[in-house]
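# Inside the fold
The lines below spell out each chain.
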There are 2 protein chains.
Amino acid sequence: MSPRSSSPIHALDALKRAGLAGTSAQIAVLDYLQQAEHGHFGAEEIHRRIARTGERMNLSTTYRVLHQLVGAGLVANVPLGKDHSLYELNTGKVHDHLVCVVCGRVEEFSDVTINRRRAAIAKEFGLRFAGKTLALQGVCADCAARAHPARP
Amino acid sequence: MSPRSSSPIHALDALKRAGLAGTSAQIAVLDYLQQAEHGHFGAEEIHRRIARTGERMNLSTTYRVLHQLVGAGLVANVPLGKDHSLYELNTGKVHDHLVCVVCGRVEEFSDVTINRRRAAIAKEFGLRFAGKTLALQGVCADCAARAHPARP
DNA sequence: ATGGATGCAAACGCTTTGCATAAAT
DNA sequence: ATTTATGCAAAGCGTTTGCATCCAT
């Protein structure tokens, strides 16, 4: 893997620009999410990973920070189905997700046709658009192969 | 309103055909969902409404029955966003939902273009399609008007 | 000294479970 | 007699909250 080297300064910058205090907890969370761009994580996981780096932080703080970051528009919380919602860096790009129900892997995609229809439909129903949830669930190729090794 | 008159016999029929026992609890739940076709309800709500009819049923039984019905394909559980999932009669028709984040109203829609793109994308990613979640969230016309009565 | 951020523990809402009872075949 | 469904109460899970403390301005 080639994780872009840690960028706590960059994170601090972004936090300040977003009007947040830039506490060490905020930095730790945002920094982790930035390193793992295009990664999708549950709050527990984020917390656990940060704890591993030595940073000592309470889980409730992780939740609180996550809320702040979402509020500030730096992070997005994506509902991926029932009882499954993850946090990701908000890149500003509209996209949706594919989720493997076996291994939990998450991929992103973006489809202009879907996006257009989606907007049109909301308008049609007089819905002042506020958000969307689109996740395709299924079994990814790897997991399918693993389940039926006979027929790869 | 014109609620099609109660159809416990029809419900029992459907249950038997689906291989379920057809207990009074199962009948009550399915019947309620059938009467309210195109309605969307949380487990609590279903339970409460049934209780009102005199039928005495425990909430956990409601959940268990709901599971059975979903398993049998008679009912679908639709995740409508974070911490929001409702049960609806499974009519077999593919459709998605619009949700008003203010009043909670749920509308259904079905868009062939979206459905097609969705299938194509899943295939493209090698995802053996298993399900989808699409809900558009926003403020419905009524709630918008209520919020800004000056500018209807 | 003021306001926000934190840890901790306790509460939360929704859902599931264990177990003993009851019903149905 | 065996299986299946039910009620009840308790636990579960992920998340949120109250409160006292801590930190930074």
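Before going further, it helps to examine the state of the cysteines. Residue and element names in this part refer to chain A. Considering all chains together, one arrives at zero disulfides over all chains under this definition. Here cysteine 103 stays unpaired: no disulfide links it, and the sulfur of cysteine 100, its closest cysteine neighbor, is 3.6 Å away. The class of cysteine 103 is partly exposed, set by a relative accessible area of 43%. Here cysteine 140 stays free of any disulfide, with the sulfur of cysteine 100 as its closest cysteine sulfur at 3.6 Å. Judged by relative accessible area, which is 4%, cysteine 140 ranks as buried.

A word on the nonpolar core. Core analysis: the biggest nonpolar cluster contains 26 residues, and Phe109 and Leu136 of chain A together with Phe109 and Leu136 of chain B have the highest contact counts within it. Secondary structure elements with two or more residues in this core: β3 (96-100), α5 (112-124), β5 (128-139) and α6 (141-147) of chain A together with β3 (96-100), α5 (112-124), β5 (128-139) and α6 (141-147) of chain B. With residues near it in sequence (within four places) discarded, leucine 136 of chain A still touches His97, Leu98, Val99 and Phe109 of chain A together with Arg118, Ile121, Ala122, Leu127, Phe129, Gly131 and Lys132 of chain B. In this structure, Ala14, Leu30, Ala43 and Leu66 of chain B belong to the second largest nonpolar core, which totals 24 residues.

We now examine the domain arrangement of chain A. A common measure of how large an interface is: the accessible area buried when the components associate. All names here are of chain A. Under the domain assignment used here, chain A contains domain 1 (1-91) and domain 2 (94-152). Relative to domain 2, the C-alpha centre of domain 1 lies at a distance of 23 Å. In this complex, domain 1 contributes eight residues to the contact, which on the side of domain 2 involves eight residues. Here domain 1 and domain 2 share an interface that buries about 690 Å² over both sides, 60% of which is from carbon and sulfur atoms. Contact with domain 2 buries surface across domain 1, with His40, Pro79 and Leu80 losing the most and accounting together for 56% of the total. Our count for the contact surface shared by domain 1 and domain 2 stands at zero salt bridges. Mapped onto the side of domain 1 that touches domain 2, the elements with two or more residues apiece are β1 (75-79) and β2 (85-89). Partitioning the side of domain 1 that touches domain 2 into residue classes produces four nonpolar, three polar and one charged.

So, on to the protein's contact with DNA strand D. Not every one of the 18 residues close to DNA strand D is listed here, only the nearest: Tyr63 of chain A together with Ala25, Asn58, Thr61 and Arg64 of chain B. In this structure, a phosphate oxygen belonging to DNA strand D sits 2.8 Å away from a main-chain N or O atom of asparagine 58 of chain B. Between DNA strand D and serine 60 of chain B, the relevant distance is 3.4 Å, taken from a base nitrogen to a side-chain nitrogen or oxygen of the residue. Those elements that place two or more of their residues in the surface near DNA strand D are α4 (59-71) of chain A together with α2 (24-35) and α4 (59-71) of chain B. Here the surface near DNA strand D is built from residues that sort into five nonpolar, eight polar and five charged.

In this section: α4 of chain B. Residue and element names in this part refer to chain B. Compared with the 18 Å implied by 1.5 Å per residue over 13 residues, the 18 Å span of α4 between its first and last C-alpha is a close match. Regarding α4, the residues found buried are Thr62, Val65, Leu66 and Leu69. Burial along α4 is one-sided: seen end-on, the buried residues are contained in an arc of 105°. Projecting away from the buried face of α4 at angles above 90 degrees are the exposed residues Arg64, His67 and Gly71. Elements that come into contact with the buried residues of α4 comprise α1 (8-17), α2, α3 (43-52), β1 (75-79) and β2 (85-89). Looking at the residues trailing α4, positive phi occurs at glycine 73, about 80°.

Okay, the side chain of aspartate 111 of chain B next. All names here are of chain B. Checked against the element boundaries, aspartate 111 lands in the loop between β4 (106-109) and α5. By relative accessible area, aspartate 111 is classed as buried at 5%. Within the local environment of aspartate 111, its side chain forms a polar contact with the backbone nitrogen of threonine 113, the two atoms lying 3.1 Å apart. A distance of 2.8 Å separates the side chain of aspartate 111 from the backbone nitrogen of isoleucine 114, its partner in a polar contact.

If you look at the interface, chain A gives 37 residues, while chain B gives 37 residues. Between chain A and chain B the total buried area reaches about 3000 Å² when both faces are included, carbon and sulfur atoms providing 66% of it. At the surface where chain A touches chain B, the tally comes to two salt bridges. Between aspartate 111 of chain A and arginine 117 of chain B there is a salt bridge, with its nearest N and O atoms 2.4 Å apart. On inspection of chain A and its partner chain B, the count reaches 14 residue pairs in polar contact (both at pLDDT 80 or more). Sorting the residues of the side of chain A that touches chain B by element identifies β1, β3, β4 (106-109), α5, β5 and α6 of chain A as the ones contributing at least two each. Broken down by element, the side of chain A that touches chain B gets its largest block of residues, 12 residues, from β5 of chain A. Looking at side-chain class alone, the side of chain A that touches chain B contains 19 nonpolar, 10 polar and eight charged residues.

Rules of the game
- Residues numbered from 1 in each chain as written.
- Chains lettered and ligands numbered in written order.
- Predicted model: local features only at pLDDT ≥ 70, side-chain atom pairs only at ≥ 80, totals over all residues.
- Heavy atoms only, no water.
- Disulfide = S-S within 2.5 Å.
- Buried < 20%, exposed > 50% of the residue type's maximum accessible area, 1.4 Å probe, protein only.
- Core = buried A, V, L, I, M, F, W, Y, C linked by side-chain atoms within 4.5 Å.
- Helix = DSSP H or I, 4+ residues; strand = E, 2+ residues; numbered from the N terminus.
- Contact = heavy atoms within 4.5 Å.
- Domains from an automatic or database assignment.
- Buried area = accessible area lost by both parts, 1.4 Å probe.
- Salt bridge = Lys/Arg side-chain N within 4 Å of Asp/Glu carboxyl O.
- Nonpolar A, V, L, I, M, F, W, Y, C, P; charged D, E, K, R; others polar.
- Near = heavy atom within 4 Å.
- Polar contact = N/O pair within 3.5 Å; in protein donor to acceptor, adjacent residues only side chain to side chain.
- Expected span 1.5 Å × (residues − 1).
- Arc of directions from axis to C-beta.

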